[in-house]
Amino acid sequence: IKNMEKLLVGLIIALILLLICIGTLSFVWADEYRTLGIKHATNPQICIFEPDILYTDDVDGVVQASYNSINLWKDGLREHSPKGNWDMSVVVIPSENHKYKNAREFPACSILISFEYTNQESSSLGYTGIDFSSSKHKYAHIVVFLRDIEVIRIFDWDLGSLEQKYIRTEINIIPYSLTSIQNTITHELGHSLGLGHYIITDAPVGDSPWLYKSVMYYAMNPHSEEVM
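Calculation notes
Residues numbered from 1 in each chain as written. Predicted model: local features only at pLDDT ≥ 70, side-chain atom pairs only at ≥ 80, totals over all residues. Heavy atoms only, no water. Helix = DSSP H or I, 4+ residues; strand = E, 2+ residues; numbered from the N terminus. Contact = heavy atoms within 4.5 Å. Areas by Shrake-Rupley, 256 points an atom, 1.4 Å probe, with all protein chains shown as cover. Salt bridge = Lys/Arg side-chain N within 4 Å of Asp/Glu carboxyl O. Buried < 20%, exposed > 50% of the residue type's maximum accessible area, 1.4 Å probe, protein only. Core = buried A, V, L, I, M, F, W, Y, C linked by side-chain atoms within 4.5 Å. Phe/Tyr/Trp six-rings, centres within 6.5 Å; stacked < 30°, edge-to-face > 60°. Disulfide = S-S within 2.5 Å.

Right, let's get into the overall build of the chain. Tallying secondary structure elements over the chain gives four helices and eight strands in all. Order of helices (α) and strands (β) in the chain, N terminus to C terminus: α-β-β-α-β-α-β-β-β-β-α-β. Residue pairs at least 24 apart in sequence account for 70% of intrachain contacts in the chain once pairs closer than 6 positions are excluded. Surface accessibility of the chain: about 14700 Å² in total, with carbon and sulfur atoms responsible for 58%.

Here we come to the pattern of salt bridges. Counted according to the given criterion, the structure contains four salt bridges. Between Lys99 and Asp52 there is a salt bridge whose closest N-O contact spans 3.5 Å. Note that Lys99 is positioned in the loop between α3 (95-98) and β4 (111-118) and Asp52 in the loop between β2 (45-49) and α2 (59-80), a separation of 47 residues in sequence. The exposure class of Asp52 is buried, given its relative accessible area of 13%.

Within soluble globular proteins, side chains that are nonpolar tend to cluster in buried spots. Counting residues in hydrophobic clusters, the biggest one holds 22 residues, and the most contacted among them are Ile46, Ile113, Phe115, Ile181 and Leu189. When contributions to this core are tallied by element, the ones reaching two or more residues are β2, α2, β4, β6 (139-158), α4 (178-192) and β8 (195-200). Setting aside its immediate chain neighbours within four residues, Ile46 contacts Ile70, Met88, Ser89, Val90, Val91, Ile111, Ile113 and Leu189.

Tallied over the full model, the rule gives four aromatic pairs. Here Phe49 and Phe106 contribute two aromatic rings whose centre-to-centre distance is 4.9 Å and whose plane-to-plane angle is 55°, an arrangement assigned as tilted. Remark: Phe106 occurs in the loop between α3 and β4 and Phe49 occurs in strand β2; sequence separation between them is 57 residues. Residue Phe49 shares its accessibility class with Phe106, and that shared class is buried. Taking 4.9 Å as the distance between ring centres and 35° as the angle between the ring planes, the aromatic pair formed by Tyr217 and Tyr218 counts as tilted. Look at Tyr218 and you get exposed, because its relative accessible area is 56%.

On inspection of all chains with the given rule, the structure shows one disulfide. Paired by a disulfide, Cys47 and Cys109 hold their sulfur atoms 2.0 Å apart. Disulfide Cys47 to Cys109: torsion about the S-S bond roughly -85°, handedness left-handed. Linking Cys47 in strand β2 with Cys109 in the loop between α3 and β4, this pair joins segments that are 62 residues apart in sequence. Across the pair, exposure class does not vary: Cys47 and Cys109 are buried alike.

Below, the structure written as structure tokens:
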């Protein structure tokens, strides 16, 4: 009987250890889909604010990239839930009709997509501002930057000390490709629909297929020509 008790205790301990290991593995390999906790009352009306001609050399291309992103979401949602109503009407607001105006002046728009020249405050490619505080006009405002700021510090060798000496700083303004702009819009559009970031607890550092498991991953390569 004592041997049976010891065997039973041993099995219980082994089972507990196994459950701990399984729990640990589940945590290590877990994928987390976050939500922003918002809900559109009706099918979203998406308004694309035509970019200023001073911001881009290809206004039509940027607008088309917006349409592409919207269609990708529609197709993906319909594939995931064929019985769902995923209609989202789209309208383009000409630049002269929205210049110097803010999102609140377009009450018919529940998702607004607008464009800025560069982001001088951070390295973010875009962001989404959400304002559901007013019952009359709940909206998500997507802002996408069209050009990158490249800062290059120039050094040269000092023959006297044989050390590198700072010469000057050069700042280059480089336009993002239409593919990059489209990927950014697609990501931000996910936020505007209520999705948070896709979190991978064991994501490796650097360029990896893990980064392409979801367009809602928090980072992307702005110079990649691969459509996410």
